[in-house]
Amino acid sequence: MNDVLFERAKAVIPGGVNSPVRAFRAVGGTPRFVQRAQGAYFWDADGKKYIDYIGSWGPMILGHGHPAVLEAVQKAALDGFSFGAPTEREVELAEAIIAAVPSLEMVRLVSSGTEAGMSALRLARGATGRSKIIKFEGCYHGHADALLVKAGSGLATFGNPTSAGVPPEVVAQTIVLEFNNVEQLEEAFKIHGPELACLMIEPIAGNMNFVRSSVPFMKRCRELCSQYGALLVFDEVMSGFRVALGSAQSIYAQLIPGFEPDMTVLGKVIGGGMPLAAFGGKRAVMEKLAPLGPVYQAGTLSGNPVATACGLATLKEISKPGFFETLGTRTQHLVTGLTQAAHAAGLPFCGDCQGGMFGFFLMEPLPQNYATVMTTDGPKFNAFFHAMLDAGVYFAPALYEAGFVSAAHTDADIDATVQAAAAHFAKA
Ligand SMILES: *Cc1c(COP(=O)(O)O)cnc(C)c1O
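Description of the sheet that holds strand 16 (residues 357-361)
Strand order in the open sheet formed by three strands is 15-16-18, with antiparallel pairing between adjacent strands. The sheet is open, and its two edges are formed by strand 15 (350-354) and strand 18 (403-404), each paired on a single side. In the sheet, strand 16 pairs with strand 18 via two bridges, with the strands oriented antiparallel. Paired with phenylalanine 358 across the bridge in strand 18 is glycine 403. Taken strand by strand, helix 10 (residues 323-344) contacts strand 15 and strand 16, and its axis lies near 180 degrees from that of strand 15.

Looking at the packing of aromatic side chains
In this structure the tally under the stated criterion is 24 aromatic pairs. Centroid distance phenylalanine 323 to phenylalanine 324: 5.1 Å. Interplanar angle 75 degrees. Geometry classified as edge-to-face. Take phenylalanine 323 and phenylalanine 324: they sit in the same class, and that class is buried. With a centroid separation of 6.2 Å and an interplanar angle of 80 degrees, the aromatic rings of phenylalanine 358 and phenylalanine 395 are classed as edge-to-face. Residue phenylalanine 358 is found in strand 16, and its partner phenylalanine 395 is found in the loop between strand 17 (393-394) and strand 18; the two are separated by 37 residues along the sequence. Phenylalanine 358 gets classed as buried once you look at its relative accessible area, which sits at 1%. With relative accessibility at 3%, the residue phenylalanine 395 sits in the buried group. Directly above the ring of tryptophan 43 sits arginine 36, whose terminal nitrogen or CZ lies 4.0 Å from the centroid.

Looking at the packing of helix 10 against helix 13 (residues 411-427)
Packing of helix 10 against helix 13 leaves a shortest axis separation of 9 Å and a crossing angle of 20 degrees. Relative to helix 13, the element helix 10 lies roughly parallel. Here helix 10 runs over helix 13; the crossing is right-handed. Here Arg330, His333, Leu334, Gly337, Leu338, Ala341 and Ala342 of helix 10 come into contact with helix 13, specifically with Asp411, Ile414, Asp415, Thr417, Val418, Ala421, Ala422 and Phe425. Counted by class, the contact of helix 10 with helix 13 contains nine nonpolar, three polar and three charged residues.

A word on the nonpolar core
Tyr53, Ile97, Phe241, Ile318, Phe358 and Phe395 are the most contacted members of the largest nonpolar core, which totals 62 residues. For this core, the element with the most residues is helix 10, which contributes eight residues. There are two domains that each give this core at least three residues, and those are domain 1 (2-65 + 321-427) and domain 2 (67-318). With residues up to four places along the chain from it excluded, the contact list for isoleucine 97 reads Leu104, Val107, Leu109, Phe241, Leu266, Ile270 and Leu315. Judged by nonpolar contacts, the second largest core, of 40 residues, contains Val211, Leu224, Ala244 and Cys350.

Overview of the environment of glutamate 183
Relative to the assigned elements, glutamate 183 resides in helix 5 (residues 182-192). Sequence-wise, glutamate 183 and histidine 66 are 117 residues apart; in three dimensions their C-alpha atoms are separated by 46 Å.

Quick notes on the site of the ligand
In the neighbourhood of the ligand, the contacting residues comprise Ser112, Gly113, Thr114, Tyr140, His141, Gly142, Glu202, Asn207, Asp235, Val237, Met238 and Lys268. Interatomic distance of 3.1 Å between a side-chain N/O atom of asparagine 207 and an oxygen atom of the ligand. At a separation of 2.7 Å, a nitrogen atom of the ligand approaches a polar side-chain atom of aspartate 235. The class makeup of the residues in the shell around the ligand is three nonpolar, six polar and three charged.

A short note on helix 6 (residues 215-228)
Look at helix 6: 20 Å from first C-alpha to last across 14 residues, which is about the 20 Å you get at 1.5 Å a residue. For helix 6, the full list of buried residues reads Phe217, Met218, Cys221, Arg222, Leu224 and Cys225. Looking at where helix 6 begins, the residue whose side-chain oxygen comes 3.1 Å from the main-chain nitrogen of phenylalanine 217 is serine 214.

Brief notes about the environment of glycine 138
Mapped onto the elements of the fold, glycine 138 is located in the loop between strand 5 (132-136) and strand 6 (149-150). Linking glycine 138 and valine 211, residues 73 residues apart in sequence, is a C-alpha distance of 9.5 Å. Once residues lying within four places of it in the same chain are set aside, the contact partners of glycine 138 are Glu202, Asn207, Met208 and Tyr370.

Let's talk about the domain arrangement of the protein
It is common to report an interface's size as the accessible area lost on association of the parts. On domain assignment, one finds that the protein holds domain 1 (2-65 + 321-427) and domain 2 (67-318). Once you take the C-alpha centre of each, domain 1 and domain 2 turn out to be 25 Å apart. Facing 31 residues of domain 1, the contacting portion of domain 2 comprises 32 residues. When domain 1 packs against domain 2, close to 2600 Å² is buried across both sides, 63% of that on carbon and sulfur atoms.

Details of the pattern of salt bridges
As enumerated under the stated definition, the model contains ten salt bridges in all. Of the charged contacts in the structure, one is a salt bridge between glutamate 7 and lysine 10, with a shortest N-O distance of 3.2 Å. Taken together, the residues glutamate 7 and lysine 10, both in helix 1 (residues 2-12) and three residues apart, mark about one turn of the helix. Here aspartate 262 and arginine 222 are joined by a salt bridge, their closest N and O atoms 2.9 Å apart. Here aspartate 262, found in the loop between helix 7 (247-255) and strand 13 (263-266), pairs with arginine 222, found in helix 6; they are 40 residues apart in sequence, far enough to count as distant. Across the pair, arginine 222 and aspartate 262 agree in class, each one buried. One salt-bridge network, in which partners are shared between bridges, spans Glu186, Lys219, Arg220 and Glu223.

The rules we used
- Residues numbered from 1 in each chain as written.
- Predicted model: local features only at pLDDT ≥ 70, side-chain atom pairs only at ≥ 80, totals over all residues.
- Heavy atoms only, no water.
- Pairing = 2+ DSSP bridges.
- Helix = DSSP H or I, 4+ residues; strand = E, 2+ residues; numbered from the N terminus.
- Contact = heavy atoms within 4.5 Å.
- Axes fitted to C-alpha atoms, helices over the stretch in contact; angles between N-to-C directions.
- Phe/Tyr/Trp six-rings, centres within 6.5 Å; stacked < 30°, edge-to-face > 60°.
- Buried < 20%, exposed > 50% of the residue type's maximum accessible area, 1.4 Å probe, protein only.
- Lys NZ or Arg CZ within 6 Å of the ring centre and 35° of its normal.
- Parallel < 35°, antiparallel > 145°, perpendicular 65-115°, else oblique.
- Left-handed = near helix turned anticlockwise from the far one by under 90°.
- Nonpolar A, V, L, I, M, F, W, Y, C, P; charged D, E, K, R; others polar.
- Core = buried A, V, L, I, M, F, W, Y, C linked by side-chain atoms within 4.5 Å.
- Domains from an automatic or database assignment.
- Near = heavy atom within 4 Å.
- Polar contact = N/O pair within 3.5 Å; in protein donor to acceptor, adjacent residues only side chain to side chain.
- Expected span 1.5 Å × (residues − 1).
- Buried area = accessible area lost by both parts, 1.4 Å probe.
- Salt bridge = Lys/Arg side-chain N within 4 Å of Asp/Glu carboxyl O.

This is how it looks when you write it as structure tokens:
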């Protein structure tokens, strides 16, 4: 049935999918068409059940179909889908986000992470009156033109587009650096510092598998941005409300006294699976946005009443005492179990996790940047992926993606996953 649907899909949708990584092109095979999902599981078009470690690429932190979220969404839908006029629920969600993330004084709600990142970038440029930006190789900030860039040939040069259709002139203001490379960072600020609008970073990167910013590196990012008057923009679309209630920045704040980013981009979990994202920061910067300021930004469906109901109900559940401790323990249990299973079979393996987000590598030690992540043995990963899929475990279909555990995953789910992995490792 998956094959039949995929053929039909390919006739009318490019590649048969509405977002590229779903197409299984990295791992080969036919994508599974999801029929329905509940808790930690989904069922494909053939009725086969999978333990879901993607959770819609992060949003489903409570698992699928959480009763409180479902009820909130159903209730909101009865009152209307969209008005194009303000609602109380938008205010409530903005208040809830700000209450959890101390660096935020104001947020604007939008509909996707891409839109939030693109808007944050425009605001950073508008607020500073500068054009240049720094991003890091392996960090994904959505598919806005200026952010689809890979490193150029040197620090004094600018990046190259990673997509056709992005004119070189559009990325001519984007400088791409190596993640966790303090020396390169210092060099780049020396050259471009006074012209930089912002430095945008995934503090815990989830789009090159799972790679943390080192504490010395993050500390230098903060110091250099402050010194040169550039804004430090945290893209927490993935890590926000996923690694901790206060997001990844709360973890760096524990390790670096007084640490705060200037702006934050959010998405995924704050919508609980509905199209919702946000960007925010200090009042002085946010008030540069239209209608108060000169930086234009708008959206027909922004702050959608059904999506905000879904996000609010989700945030309410994850704000309960002990939520992230339990989730973090379970995620750690998975990473430790997989590591032990691989080591028992004499295979190199390592992993890392924070809250409900994890990554694992079929190599050692833990990579610190994109180039190292990319040295992973692709065929070995693909064999692992398909063995797990056959066993009813759905990991991300590419080695450069993070994974997600939800509150609905049980110890039994984790144990079953580790057993399936052990069976594969024993034969690999
Ligand atoms: C998913 C993601 C985005 C893009 O969000 P979309 O909702 O897919 O547009 C941006 N930044 C990061 C870090 C992400 O993980």
